[in-house]
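Survey of secondary and tertiary structure
What follows is each chain in one-letter form.
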Amino acid sequence: MATDFIQEDLYIGKQILIDSDRLVFNGRDDSIFSTSNLFLFKTEGEFHINTKKDTFINSPRIFIGPVENGEDPNIPAVKSDTLKSLLTDLIFELKVFFKTQYPNTSGLQGPNPAVNKGLAVSLLNGLERVESKLDTIKSNKVFIK
């Protein structure tokens, strides 16, 4: 839902223009509020939000990233707890298969049992490595619902 910015010299309607080297808005006792259909900051450089406490963005949907080819960012973020749970279940089922079911089937008795057993051990080791890294998918700075 990207909104096109209308340059101030092209905008037709009521507006206030302030041209200065620096602007400071300070709400000493409470907050700074804006109520409108659109609140837009535009900069040709960096944009920083610095707080001494947590930052909350309360919105039905949040898009992070550039608009490319006229399209808003459209790749959904991953819920890490949900992903971790799904991967944990998948790893568990694969480990059960390679530890119990696979050895009892023709997998290890096939044309080359030594190769098949080595493959099963290698896959189990890989699953253990992936499982040990599951917590690394969790951000300790960004939280989504």
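Thresholds, definitions, all that
- Residues numbered from 1 in each chain as written.
- Predicted model: local features only at pLDDT ≥ 70, side-chain atom pairs only at ≥ 80, totals over all residues.
- Heavy atoms only, no water.
- Salt bridge = Lys/Arg side-chain N within 4 Å of Asp/Glu carboxyl O.
- Helix = DSSP H or I, 4+ residues; strand = E, 2+ residues; numbered from the N terminus.
- Buried < 20%, exposed > 50% of the residue type's maximum accessible area, 1.4 Å probe, protein only.
- pLDDT = per-residue confidence, 0-100.
- 1 Å grid on protein atoms, 1.4 Å probe; cavity = no way out; pocket = protein on both sides within 12 Å on 5 of 7 lines; lining within 4 Å.
- Points joined across faces, edges and corners; volume = space filled by probe spheres on them.
- Nonpolar A, V, L, I, M, F, W, Y, C, P; charged D, E, K, R; others polar.
- Contact = heavy atoms within 4.5 Å.
- Expected span 1.5 Å × (residues − 1).
- Arc of directions from axis to C-beta.

Once that is clear, we can look at the pattern of salt bridges. Applying the stated rule across the entire model yields 4 salt bridges. Note that Lys138 is salt-bridged to Asp81, the shortest N-O span being 2.9 Å. Linking Lys138 in the segment after helix H3 (113-132) with Asp81 in helix H1 (residues 80-101), this pair joins segments that are 57 residues apart in sequence. The exposure class assigned to Lys138 is partly exposed, which follows from its relative accessible area of 35%. With a closest N to O distance of 2.8 Å, Lys95 and Glu131 form a salt bridge. Here Lys95, found in helix H1, pairs with Glu131, found in helix H3; they are 36 residues apart in sequence, far enough to count as distant.

Further remarks concern the confidence of the model for the chain. The share of residues in the chain with pLDDT of 70 or more is 89%, and the mean pLDDT across the chain is 82. Taken element by element, the predicted model of the chain shows its lowest mean pLDDT in helix H2 (residues 106-109) (60) and its highest in H1 (88).

What follows is about the layout of surface pockets. Here the largest pocket is characterised by a volume of approximately 2,200 Å³. As for the largest pocket, its lining consists of 41 residues, of which Ile57, Arg61, Ile62, Phe63 and Ile64 are closest to the centre. Residue composition of the lining of the largest pocket, by class: 23 nonpolar, 10 polar and 8 charged.

All right, on to unusual backbone geometry then. With phi around 55°, Asn69 is a residue other than glycine that occupies positive phi space. Checked against the element boundaries, Asn69 lands in the segment before H1.

Our focus in this paragraph is the environment of Leu124. Positionally, Leu124 belongs in helix H3. Look at Leu124 and you get buried, because its relative accessible area is 15%. The spacing of Leu124 and Leu94 is 30 residues in sequence and 8.2 Å in space, taken between C-alpha atoms. Leaving out residues up to four positions away in the same chain, Leu124 has contacts with Lys95, Phe98 and Lys99.

For the rest of this paragraph, the subject is H1. A turn of α-helix holds 3.6 residues, and therefore any two residues three or four places apart point the same way. When the terminal C-alpha atoms of H1 are compared, their 30 Å separation across 22 residues agrees well with the 32 Å that a helix rising 1.5 Å per residue should span. Within the sequence span of H1, burial applies to Ile91, Lys95 and Phe98. For H1, the buried positions fall inside an angular range of 70° around the axis, keeping them on one side. Residues of H1 that are exposed and point over 90 degrees away from its buried face: Leu86, Phe92 and Glu93.

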